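Topology and contacts: notes
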Amino acid sequence: MAVRAIGEYTFPSRSRQELYGDDQLVHVWWKGDLWFAATACFRAPKAMSWNDFLANVVYPLWSCDPDFDAETTKLSWAVDETPIAPSGEESLESLGVGHKSLISCQAA
Amino acid sequence: MSAGPFEFMIAIGFSFEYLLANLLFVPFMSGASFNGDLPTMTFGFSAQSDESRHMTFGLEAIKFLLEQDPDNVPIVQEWIDKWFWRGYRLLALVSQMLDYMLPRKVMSWKESFELYFEQQMLGGLFPDLEYYGIKPPRHVQHAIGEILSHQVYWTLYQFSFAAAFNTTIPDAEHQQWLAEQYPESFETHYKPLWDKARTLVDNGDRFFYLGLPQLCQVCQIPMLFTEPGDPTTLCQRHSIYEGERYVMCSDGCKWIFDREPEKYVQAWLPVHQIYQGNCGGPTVPDVLAWYQLEPGDSGEYVGSQEAQDWVTWHTPSHAPQASPTPVAGN
């Protein structure tokens, strides 16, 4: 359904990808654990590798959870609800992560 | 975000002032008065008299619109559906204030919602409006339950470094009260989180969310709300509009977005703007400085200036003087 307006009513998105250059916004959700009260939003380069993304973007936040241990916590991942099994060197873009995508994980 | 004067009247005069404002004014001002905050109480009573006039306008306006033409009924219904949900989302802040922030409790959010919304509106007003063909607001069933205030305060606790007010862990007596008020949810879902936060504090640490939250495109609140009927799973909704993905926190906000996406794509979402570099800089201190927050405005309550002031003001020797000196000319 469209807005009902008496004239032209077209405005650009204030969060469109081009405003972030080679980067994009990425959401990360740890399903089933409410220690982090809300899903996180990060800005990350599209070409960033999965391993870099975890180590330098996600884990610094998750280190606020005393029960989180990057070595031992086993997680299964999905991008926009489609399961992925990253090996680590792939870029976010090649894993299907788009602007404002939702990367979710669950205890495996 | 309304489409003109008629929608505005239904938004403010009816959906907010008539349906929801008692939830704001009555418990809020009773809470202020009960806790000795007389300036807020005075302001509240003054605003309330204004508000009752708006309520009268709102009710007259909606009846007038409905009586003019039966074709107005579905239009007005959609405005009620939209503005009930937008107002309800805003009241999330009041819910945590009632349940978590008042040192002396007046009533729980759940009790207030039952009395001022379920009984007075769903049980009183909507049966009257049925005559015109108006139904209770869409998604109202997602507003009823035990979870709202806990989720909101838990979020404010961990984002307190940027909240412009202080938060702390509810003490044992307070948690006992919460357990009594919320027998089906507090001890199961929220007490374990506070226990874990308490362990950190006992070890000399304090939990802060060292990052930024995902925001809902419509209500702009962090994505903290859970699935209807499942308090353990955060609710995620999205829509693709002109090739771009937009995220919503609930069926209510998604319905509002999908109805008028052209409006909501323009939203100035603080987190997205911070990441564009429009809020002072890339780090948290840069952003807080840009928001003109001073050290001490935010963070943990225990040990804060607020906590010291509260103790000082409640020390008998600091009781207010009987009559302030009159100012010349008044």
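Predicted, not measured: the structure shown is a model, and the values here were computed from it. The residue numbering used here restarts from 1 in each chain and proceeds along that chain's sequence as written. Chains and ligands are labelled sequentially in the order written, the chains with letters from A and the ligands with numbers from 1. Reporting of local features is limited, given that this is a predicted model, to residues whose pLDDT is at least 70; pairs of side-chain atoms are given and counted only at 80 or more, and all residues count toward the totals for whole chains, interfaces and linings.

1. What about the overall build of chain A?
Heads up, the rule is: Strands are runs of DSSP state E lasting at least two residues, helices are runs of H or I lasting at least four, and both sets are numbered from the N terminus onward. Throughout, the radius of gyration refers to the C-alpha atoms, and the reference size of a globule is 2.2 Å times the residue count to the power 0.38. With C-beta atoms placed from the backbone, a residue is buried if 20 or more other C-beta atoms are within 10 Å of its own, exposed if 12 or fewer are, and partly exposed between those counts. Contact criterion: two residues are in contact if their C-beta atoms, reconstructed from the backbone, are within 7 Å.
Within chain A, the regular secondary structure consists of 1 helix and 5 strands. From first element to last, N terminus to C terminus, chain A shows the α and β order β-β-α-β-β-β. The C-alpha atoms of chain A give 17 Å as radius of gyration, which overshoots the globular expectation for 108 residues (13 Å, by more than 25%). Going through the 108 residues of chain A one by one, you find that 29% of them count as buried. When contacts within chain A are restricted to residue pairs at least 6 apart in sequence, long-range pairs at least 24 apart make up 57% of them.

2. Re the overall build of chain B
Broken down by element type, chain B carries 13 helices and 7 strands. The globule rule puts the C-alpha radius of gyration for 330 residues at 20 Å, and the 22 Å found for chain B is close to it. Along the three orthogonal principal directions, the C-alpha set of chain B runs to about 65 × 55 × 45 Å. For chain B, the residues scored as buried account for 37% of the 330 residues in total.

3. Details of the nonpolar core
All names here are of chain B. Note the cut-off: By definition, a nonpolar core groups buried Ala, Val, Leu, Ile, Met, Phe, Trp, Tyr and Cys residues that connect through C-beta atoms lying within 7 Å of each other.
Grouped together as the largest cluster of nonpolar side chains are 99 residues, with contacts concentrated most on Ile10, Cys216 and Cys253. Looking at which element gives the most residues to this core, the answer is helix α1 (residues 5–34), with 13 residues. Non-local contacts of Cys216, meaning those with residues more than four positions away in its chain, are made with Ile221, Met223, Val247, Met248, Cys249 and Cys253.

4. Remarks on helix α3 (residues 72–90) of chain B
Rules: How far a helix is expected to stretch is found by multiplying one less than its residue total by 1.5 Å.
Between the first and last C-alpha of α3 of chain B there are 27 Å, a value that for 19 residues agrees with the 27 Å anticipated at 1.5 Å per step. Those residues of α3 of chain B that are buried lie in contact with α1, α2 (38–68), α4 (92–101) and α9 (251–259) of chain B.

5. What to know about unusual backbone geometry
The backbone of Glu81 of chain A sits at a positive phi, close to 75°, despite the residue not being glycine. Mapping Glu81 of chain A onto the fold places it in the loop between β3 (75–79) and β4 (82–84). The class of Glu81 of chain A is exposed, set by 9 C-beta atoms lying within 10 Å. If you check the backbone angles, Gln292 of chain B has positive phi at about 60° while not being a glycine. As for its placement among the helices and strands, Gln292 of chain B is situated in the loop between α12 (284–290) and β7 (299–300).

6. Looking at the interface of chain B and chain A
Often, the extent of an interface is quoted as the loss of accessible area upon association of its parts. Using the following cut-off: When residues are grouped by polarity, Ala, Val, Leu, Ile, Met, Phe, Trp, Tyr, Cys and Pro land in nonpolar, Asp, Glu, Lys and Arg in charged, and all others, Gly among them, in polar. Following DSSP output, two strands are said to pair if at least two bridges run between them.
Each partner contributes residues to the interface: chain B has 39 residues there, and chain A has 36 residues. At the level of secondary structure, the elements contributing two or more residues to the side of chain B that touches chain A comprise α6 (148–158), α8 (186–202), β2 (212–213), β4 (230–234), β6 (244–248), α9, α10 (261–264) and α11 (270–276) of chain B. Here the residues of the side of chain B that touches chain A are counted per class, giving 21 nonpolar, 11 polar and 7 charged. The sheet contact formed by strand β2 (residues 40–45) of chain A and β2 of chain B spans 2 bridges and is antiparallel. Across the sheet, Ala40 of chain A pairs through a bridge with Pro213 of chain B, a residue of β2 of chain B.

7. Some details on the pairing of strand β5 (residues 101–107) of chain A
All names here are of chain A. For strand β1 (residues 23–30) and β5, the ladder comprises 5 bridges, and the chain directions are parallel. Directly across from Val28, in β5, lies its bridge partner Ile103. As paired elements, β3 and β5 share 5 bridges and run antiparallel to each other. Bridge pairing in β5 links Ser76 to Gln106.

8. Some points on the environment of Asp286 of chain B
Structurally, Asp286 of chain B can be placed in helix α12. As a C-alpha pair, Asp286 of chain B and Glu60 of chain B span 226 residues in sequence and 49 Å in three-dimensional space.

9. Some details on the confidence of the model for chain B
How we decide: Per-residue confidence from the prediction method is given by pLDDT, with values spanning 0 to 100.
Confidence along chain B averages 92 in pLDDT terms, with 96% of residues attaining 70 or more. Both confidence scores are given for the complex: pTM 0.93, ipTM 0.96.

10. Quick look at the pairing of β2 of chain A
Bridging between β1 of chain A and β2 of chain A involves 6 bridges; their strand directions are antiparallel. Across the sheet, the residue bridging to Asp23 of chain A is Pro45 of chain A, located in β2 of chain A.

11. Description of the environment of Ser104 of chain A
All names here are of chain A. Examined against the element boundaries, Ser104 turns out to sit in strand β5. Accessibility expressed as a C-beta count within 10 Å gives 22 for Ser104, which makes it buried. A C-alpha to C-alpha distance of 4.6 Å links Ser104 and Trp29, two positions 75 residues apart in sequence. Non-local contacts of Ser104, meaning those with residues more than four positions away in its chain, are made with Trp29, Lys31 and Ala78.

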